[in-house]
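Residue strings, one per chain:
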Amino acid sequence: MEERSPARRSEYPHLRWITTRWSDNDVYGHVNNVVYFSYFDTVVNHYLIEQGVLDIHGGEVIGLVVENTCRYFQSLQFPERVAAGVQVERLGKSSVIYRIGLFREEAEEPAAEGRFVHVYVDRASRRPVTLPPALRSVLEPLLARG
């Protein structure tokens with residue numbers, strides 16, 4: 001896998017605050033590694049719902065996660081506010097690769113950084129579909145520059 005430097009907070013065009021929960025901590029006193037993936041899912045899908053391009057209950061097109069990864073740089077813990085940044089690395093014909101950074105309060109360096117790949121499919125058939133124009137239009141502003 002290609003090793004890249006983590007993106008700084010200022011490189012993310014969309015930020016959303018997530019508050020850690022008591023149940024996020026594990027017996028070691030920090031947010032458990034699997035919880036980071038729920039933060040990724042939350043920030044991406046919240047953005048899509050907020051933009052009006054994802055109807056989780058009745059939409060004809062849904063995104064299925066086909067790959068996700070996380071690199072951990074610092075521990076997060078409860079109680080803590082985390083800024084979750086979203087950027088689009090690649091906008092394909094039927095897929096999107098998201099990059100998500102999790103930042104402590106005002107930190108510029110991420111505590112963790114993830115990659116989240118959605119393939120967009122027809123809800124009924126689960127077959128890939130071309131990204132709807134409305135979806136593509138709300139993702140284009142999130143494309144990584146450079």
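None of these values were measured; they are calculated from a predicted model.

### Some remarks on the packing of aromatic side chains
1) Next: Taken as a whole and assessed by the stated rule, the structure comprises 5 aromatic pairs.
2) Next: Relative to Y39, the ring of Y36 has its centre 6.3 Å away and its plane inclined at 50 degrees; by these criteria the two rings are tilted. Linking Y36 with Y39, this pair stays in helix α1 (residues 33-50), spanning 3 residues, or about one helical turn.
3) Next: Here Y36 and Y72 contribute two aromatic rings whose centre-to-centre distance is 4.9 Å and whose plane-to-plane angle is 90 degrees, an arrangement assigned as edge-to-face. Note that Y36 is positioned in helix α1 and Y72 in strand β2 (residues 61-72), a separation of 36 residues in sequence.
4) Next: Classification of Y36 as buried rests on a relative accessible area of 2%.
5) Next: Aromatic ring contacts, followed pair by pair, group Y36, Y39 and Y72 into a single cluster.
6) Next: A cation over a ring is seen here: R81 above W17, with NZ or CZ 3.7 Å from the ring centre.

### Some thoughts on the nonpolar core
1) Next: By size, the foremost hydrophobic cluster in this structure holds 31 residues, and its most contacted members are L48, Y98, L102 and L139.
2) Next: Counting only elements with at least two residues in this core, the list comes to α1, β3 (81-91), β4 (95-104), β5 (112-122) and α2 (133-139).
3) Next: With 8 residues, the single largest contributor to this core is α1.

### Structural notes on the sheet that holds strand β1 (residues 14-19)
Sheets are built from strands that pair by backbone hydrogen bonding, the pairs being arranged parallel or antiparallel.
1) Next: A sheet is described by the order of its strands in space; here 5 strands give the open sequence β1-β3-β4-β5-β2, paired in antiparallel fashion. The outermost strands of the open sheet, each flanked by one partner alone, are β1 and β2. Looking at each pair of strands side by side, their axes are set apart by 25 degrees on average, direction ignored.
2) Next: Looking at chain direction, β1 and β3 are connected through 6 bridges and run antiparallel. Looking at the pairing, R16 lines up with A84 of β3.

### So, α1
1) Next: With 18 residues, α1 should cover 26 Å at 1.5 Å per step; its first-to-last C-alpha distance of 27 Å lies within 8% of that length.
2) Next: Of all the residues in α1, the buried ones are V35, Y36, Y39, F40, V43, V44, N45, Y47 and L48.
3) Next: In this structure, the buried side of α1 is in contact with β1, β2, β3, β4, β5 and α2.
4) Next: Taking the backbone nitrogen of V34 as reference, a side-chain oxygen 3.1 Å away marks N32 as the first, capping residue of α1.
5) Next: Just downstream of α1, G52 is the residue with a positive phi angle, here 80 degrees.

Quick notes on the rules
- Residues numbered from 1 in each chain as written.
- Predicted model: local features only at pLDDT ≥ 70, side-chain atom pairs only at ≥ 80, totals over all residues.
- Heavy atoms only, no water.
- Phe/Tyr/Trp six-rings, centres within 6.5 Å; stacked < 30°, edge-to-face > 60°.
- Helix = DSSP H or I, 4+ residues; strand = E, 2+ residues; numbered from the N terminus.
- Buried < 20%, exposed > 50% of the residue type's maximum accessible area, 1.4 Å probe, protein only.
- Lys NZ or Arg CZ within 6 Å of the ring centre and 35° of its normal.
- Core = buried A, V, L, I, M, F, W, Y, C linked by side-chain atoms within 4.5 Å.
- Pairing = 2+ DSSP bridges.
- Axes fitted to C-alpha atoms, helices over the stretch in contact; angles between N-to-C directions.
- Expected span 1.5 Å × (residues − 1).
- Contact = heavy atoms within 4.5 Å.
- Polar contact = N/O pair within 3.5 Å; in protein donor to acceptor, adjacent residues only side chain to side chain.

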